Number of protein chains: 2
Amino acid sequence: MLQLTKRTEYGLIALVHIAERGAAGCEFVSAREICDRYPIPRRLVAEVLKALQRCEIVESQRGPTGGYALARSPESITLGQIVTALEGAPPLTSCESPILLKSGGCEVHSVCPIRSPVHRVREQLWGLLEHTSLRSLLPPATQAHYAPRAAHAR
Amino acid sequence: MLQLTKRTEYGLIALVHIAERGAAGCEFVSAREICDRYPIPRRLVAEVLKALQRCEIVESQRGPTGGYALARSPESITLGQIVTALEGAPPLTSCESPILLKSGGCEVHSVCPIRSPVHRVREQLWGLLEHTSLRSLLPPATQAHYAPRAAHAR
DNA sequence: TCCAAATAGCACCAAAATGGTGCGCTTAGA
DNA sequence: TCTAAGCGCACCATTTTGGTGCTATTTGGA
Ligand code: SF4
Ligand code: SF4
């Protein structure tokens with residue numbers, strides 16, 4: 001299905017919230033705070049944030065005042081990176097996914113007439129995701145806060 | 001996951017094959033012939049083609065010499081239409097899918113900070129699919145055959 | 001010093017989507 | 001009238017998804 005996973009949605013919500021709080025001067029945002037604001041299960045948020053931390057999209061801090069913070073500027077975090085971190089690079093077709101080749105690959109592969117043309121579509125889709133930054137997902141007010149940083153972000 | 005369903009892939013393969021045979025002068029292409037050429041289960045092809053027929057993308061003919069044929073020119077059949085026919089309009093997020101609203105909808109909906117920005121991305125994705133025609137998925141030789149028809153197709 | 005609040009890791013589960021079949025019915029050309 | 005084709009509906013097994021339990025481990029502050 002051409003649909004983002006719930007985990008990815010939660011990740012996006014968390015990232016947007018962290019960026020908003022970061023713009024307000026907060027250093028680390030806890031998972032509890034996020035689930036306080038949005039009715040999403042705390043454990044999932046932790047799970048998702050951890051995955052994002054592995055991909056160096058957020059940083060985490062333990063302890064009572066700990067939590068999560070963006071590891072980079074919202075300008076330089078793309079939707080493509082987020083999706084890749086949470087559900088792997090969008091394959092569009094099964095054979096494009098290096099992970100799903102476990103089951104012996106696709107039977108049709110050698111004679112498949114749509115592999116190459118669909119691959120082109122995938123490239124376009126990927127471009128779409130890569131050109132959408134986290135910043136562009138933020139509400140206008142928060143976007144404005146990050147605007148001056150745009151220069152050093154690129 | 002941002003991945004086409006196997007049924008959709010089979011549908012695309014079938015459509016490409018039907019278009020190719022159509023270009024070669026064949027009136028109706030049987031499901032057997034398609035599965036003869038590509039190692040895909042016959043029943044699934046029938047299932048998929050039937051769905052495409054309901055959306056008036058292909059026409060079907062029963063009886064010994066029966067089979068399937070494109071209902072419109074490859075120029076006017078878009079990837080978006082095919083995907084919509086086989087897995088519904090790409091929702092990207094759960095709340096965009098009118099079908100998945102059965103389970104009471106999304107808890108986050110009323111306070112969701114990503115609904116509107118992600119909706120914009122969805123529009124772009126949709127545009128991408130709508131601007132990819134079946135003809136552009138065909139191999140160059142077959143594409144050439146359909147070129148002269150392009151005028152009356154639009 | 002010790003507690004409480006926070007992340008980290010791992011296994012586990014139930015429900016849903018997905019890929020795929022069985023089997024009998026209907027159509028229609030040879 | 002035989003047979004090759006599509007049609008309809010229910011059914012199944014596997015995988016993915018969304019979600020939880022429980023137990024470390026870190027760390028600021030009373
Ligand atoms: S080879 Fe063709 S049918 Fe097989 S997964 Fe790739 S695109 Fe799909
Ligand atoms: S409301 Fe937000 S969280 Fe809920 S499905 Fe829509 S985008 Fe996802």
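Thresholds applied
Residues numbered from 1 in each chain as written. Chains lettered and ligands numbered in written order. Predicted model: local features only at pLDDT ≥ 70, side-chain atom pairs only at ≥ 80, totals over all residues. Heavy atoms only, no water. Buried < 20%, exposed > 50% of the residue type's maximum accessible area, 1.4 Å probe, protein only. Helix = DSSP H or I, 4+ residues; strand = E, 2+ residues; numbered from the N terminus. Near = heavy atom within 4 Å. Polar contact = N/O pair within 3.5 Å; in protein donor to acceptor, adjacent residues only side chain to side chain. Nonpolar A, V, L, I, M, F, W, Y, C, P; charged D, E, K, R; others polar. Pairing = 2+ DSSP bridges. 1 Å grid on protein atoms, 1.4 Å probe; cavity = no way out; pocket = protein on both sides within 12 Å on 5 of 7 lines; lining within 4 Å. Sits in = over half its atoms within 2 Å of the grid points. Expected span 1.5 Å × (residues − 1). Disulfide = S-S within 2.5 Å. Least-squares fit on C-alpha atoms with pLDDT ≥ 70 in both. Contact = heavy atoms within 4.5 Å.

A. Expanded view of helix α4 (residues 79-87) of chain A. Most of α4 of chain A sits inside the fold, with seven of its nine residues counted as buried. Those residues of α4 of chain A that fall on the buried side of the exposure criterion are Leu79, Gly80, Ile82, Val83, Ala85, Leu86 and Glu87 of chain A.

B. Looking closely at the protein's contact with DNA strand D. The environment of DNA strand D is made up of 29 residues, and the closest members are Thr5, Lys6 and Arg43 of chain A together with Ala31 and Arg62 of chain B. The protein-proximal atoms of DNA strand D, defined as those within 4 Å of the protein, are 68% sugar or phosphate. One of the side-chain nitrogen or oxygen atoms of Thr5 of chain A is found 2.7 Å away from a phosphate oxygen of DNA strand D. Going through the elements one at a time, α1 (6-23) and α3 (42-54) of chain A together with α2 (31-37), α3 (42-54), β1 (58-61) and β2 (67-70) of chain B are the ones with two or more residues in the surface near DNA strand D. Residues of the surface near DNA strand D, tallied by class, amount to nine nonpolar, ten polar and ten charged.

C. How the structure looks around the pairing of β2 of chain B. Residues and elements named next belong to chain B. Both faces of β2 are covered, namely the face carrying Gly67 and Ala69 and the face carrying Tyr68 and Leu70. Relative to β2, β1 runs antiparallel, the two sharing four bridges. Across the sheet, residue Glu59 finds its bridge partner in β2, namely Ala69. Linking two consecutive strands that pair antiparallel, namely β1 and β2, is a turn of five residues; a positive phi of about 85 degrees is found at Gly63 within it.

D. Focus on the site of ligand 1. Surrounding ligand 1, one finds Thr93, Ser94, Cys95, Cys106, Val108, His109, Cys112 and Arg115 of chain A together with Lys6, Glu9 and Ile13 of chain B. Site remark: ligand 1 is flanked by residues from chains A and B. Most atoms of ligand 1, that is more than half of them, are within 2 Å of grid points of the second largest cavity. Among the elements that make up the shell around ligand 1, the one with the highest residue count is helix α1 (residues 6-23) of chain B (three residues). Tallied by class, the residues present in the shell around ligand 1 amount to five nonpolar, three polar and three charged.

E. Region of interest: α1 of chain A. Residues and elements named next belong to chain A. With 18 residues, α1 ought to run about 26 Å at 1.5 Å a step, and its terminal C-alpha atoms sit 26 Å apart, in line with that. α1 sits mainly inside the fold: 13 of its 18 residues count as buried. Immediately beyond the C-terminal end of α1, within one or two residues, lies Gly25, with a positive phi of roughly 100 degrees.

F. Up close: the state of the cysteines. All names here are of chain A. The full count for this structure, using the stated rule, is zero disulfides over all chains. Cysteine Cys26 remains unbridged, with the sulfur of Cys35 as its closest cysteine sulfur at 15 Å. Take Cys26: its relative accessible area is 22%, and that puts it in the partly exposed class.

G. Highlighting the protein's contact with DNA strand C. The environment of DNA strand C is formed by 29 residues, the closest being Ser60 and Arg62 of chain A together with Thr5, Lys6 and Arg43 of chain B. The contact in question runs from a phosphate oxygen of DNA strand C to an N or O atom on the backbone of Ala31 of chain A, over 2.8 Å. At 3.5 Å, a side-chain N or O of Glu47 of chain B approaches a base oxygen of DNA strand C. Each residue belonging to the surface near DNA strand C can be placed in one class, and the counts come to nine nonpolar, ten polar and ten charged.

H. Layout of the site of ligand 2. Near ligand 2 the following residues occur: Lys6, Glu9 and Ile13 of chain A together with Thr93, Ser94, Cys95, Cys106, Val108, His109, Cys112 and Arg115 of chain B. One finds residues of chains A and B in close proximity to ligand 2. Counting atoms within 2 Å of the grid points, the majority share of ligand 2 lands in the largest cavity. If one sorts the elements of the shell around ligand 2 by residue count, α1 of chain A sits on top with three residues. A class-by-class count of the residues in the shell around ligand 2 yields five nonpolar, three polar and three charged.

I. Representation of the relation of the copies chain A and chain B in the model. Each copy superposes on the other: chain A lies on chain B with an RMSD of 0.0 Å after a rotation of 180 degrees and an axial shift of 0.0 Å. The superposition of one copy onto the other is thereby described by a two-fold rotation axis. Among all C-alpha atoms of chain A, that of Leu2 of chain A lies closest to the rotation axis, at 2.4 Å. Most of the interface of chain A is mirrored in chain B: 98% of its interface residues are interface residues there too.

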